[in-house]
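Examination of the molecular architecture
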Amino acid sequence: MASSVMPSSRKGEGTPPPVAISAVGLRKSFGDKTVLDGIDLHIPTGSVFALLGPNGAGKTTAVKILSTLITADAGELRVGGHDVTTAPQAVRAAIGVTGQFSAIDGLITGEENMLLMADLQHLSKQEGRRAAAGLLERFDLTEAAKKPASTYSGGMKRRLDLAMTLVGNPRIIFLDEPTTGLDPRSRHSMWQIVRELVSDGVTVFLTTQYLEEADELADHIAVLNNGKIAAQGSAEELKRRIPGGHIRLRFTDPAAYQAAAAALREVNRDDEALALRIPSDGSQRELRSVLDWLDSAGIEADELAVHTPDLDDVFFALTGGTDQHKETAR
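Below you will find a few notes about this structure. Being a predicted model, the structure only gives us computed values, none of them experimental. (Residues numbered from 1 in each chain as written. Predicted model: local features only at pLDDT ≥ 70, side-chain atom pairs only at ≥ 80, totals over all residues. Heavy atoms only, no water.)

**A look at the overall build of the protein chain**
Note the cut-off: The helix count covers DSSP runs of H or I at least four residues long, the strand count covers runs of E at least two residues long, and both are numbered beginning at the N terminus. Buried, partly exposed and exposed residues are distinguished by accessible area as a fraction of the type maximum, computed with a 1.4 Å probe on protein chains only: under 20%, between the cut-offs, and over 50%, respectively. Residue-level accessible areas treat just the shown protein chains as cover; the underlying method is Shrake-Rupley with a 1.4 Å probe.
A tally of regular secondary structure across the protein chain gives eleven helices and 14 strands. Within the span of the protein chain, comprising 330 residues, buried residues form 45% of the whole. Element-wise, carbon and sulfur atoms account for 49% of the exposed surface of the protein chain, whose accessible area totals about 16,800 Å².

In structure tokens:
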């Protein structure tokens, strides 16, 4: 049975935006290994969609199919309003792709890399130079433009890679693990660039192994596991599906700890730490209820902390833990 992914737009209610990327019944196998087992995707224009999954789950395969690099075994696929199978050239004209591995030529300068891409996009010399200069400035690469790309830092190379992707002004961009190997500062810089692109109406299809990245950027997230969509929704919707939220109370007074433990129901005790863990959905209502109860009972906790499941919890719950990370990525 196909799994459906239908992201909502961040732009509020009203007429929904047109669909930028659509896949119905997408299937792909390599030999006897089924990588994509009939998945459905419906991604609105001007949104960020994040596809998560363990290594080998098929994330990169999905990107390669939708960007016309390889063919699907089955499925109705449309990107930018064009049929991926019958109009691949039109799809390629509408998209940009930044893969896991850089497309930069390190032997030439950043500017020359940009101009080479402009030539491949069939821009005139004047248009190419204008596009290159504007993008180099936008990505804070103007000072390094005349230097060989091999001298760039990892973050600079990733920015140049994305700038090259944008030379043709694509309205749909596939980012396949774009920040892998970057330091936190460079990663945050890339996130800001993605946000700016989306604010200009660009649609971003993101695959990532950094769950924080999906949490920060994505309007809608799908978790791919064993060839199928295991779950989909906004980050908050996915977090609410996973049990494990709780309120933790810690005491320094053993008598107060024992009194609270005796009175509270469905509480998990940690007698060594003098801590209690109360199952909770993390809502303000539940937190207020616990605080009101402590006040009415005259019991004072020395520490109170609220834990809600994060995307790490979601990922491990849906993909069966860390074992699958050992699989070979395709």
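Once the structure has been displayed, the description carries forward.
**Some points on the packing of helix 3 (residues 110-120) against helix 5 (residues 154-165)**
Think of two packed helices as two axes; the pair is described by the angle between the axes and how far apart they sit. Counted only if it meets this: Comment: axis = line fitted to C-alpha atoms, over the contacting stretch for helices; angle = value between 0 and 180 degrees taken between N-to-C directions. Orientation labels follow simple angle bins: below 35 degrees gives roughly parallel, above 145 gives roughly antiparallel, 65 to 115 gives roughly perpendicular, and whatever is left gives oblique. Each crossing gets its handedness from the near helix: less than a right angle anticlockwise from the far helix is left-handed, clockwise is right-handed. Whether two residues are in contact is decided by their heavy atoms, any of which lying within 4.5 Å being enough. Three categories are distinguished: nonpolar for Ala, Val, Leu, Ile, Met, Phe, Trp, Tyr, Cys and Pro, charged for Asp, Glu, Lys and Arg, and polar for the others, with Gly belonging to the last.
Direction vectors running N to C along helix 3 and helix 5 enclose 25 degrees, while the axes themselves pass 9 Å from each other. As far as their axial angle goes, helix 5 and helix 3 are roughly parallel. Judged by the sense of rotation from one axis to the other, the crossing of helix 3 with helix 5 is right-handed. In this structure, helix 3 uses Gly110, Asn113, Met114 and Met117 to contact helix 5, whose residues at the interface are Leu160, Ala163 and Met164. Of the residues assigned to the contact of helix 3 with helix 5, the class counts are five nonpolar, two polar and no charged.

**Remarks on the nonpolar core**
What counts, and what does not: In these notes, a set of buried Ala, Val, Leu, Ile, Met, Phe, Trp, Tyr and Cys residues joined through side-chain atoms within 4.5 Å is what counts as a nonpolar core.
Residues Met114, Phe139, Leu160, Val204 and Ile221 are the most contacted members of the largest nonpolar core, which totals 47 residues. With six residues, helix 6 (residues 184-199) is the single largest residue contributor to this core. Excluding residues within four positions of it along the chain, Ile221 makes contact with Ala50, Leu52, Ala214, Ala231, Gln232, Gly233, Ala235, Leu238 and Leu311. Leu41, Ile65, Phe174 and Ala222 belong to the second largest nonpolar core, which has 28 residues in total.

**Some thoughts on the side chain of His246**
Looking at where His246 falls in the secondary structure, it is placed in strand 11 (residues 246-250). For His246, a relative accessible area of 12% translates into the label buried. Those residues in contact with His246 that sit more than four places away from it in its chain are Arg277, Ile278, Pro279, Ser280, Ala305, Val306 and His307.

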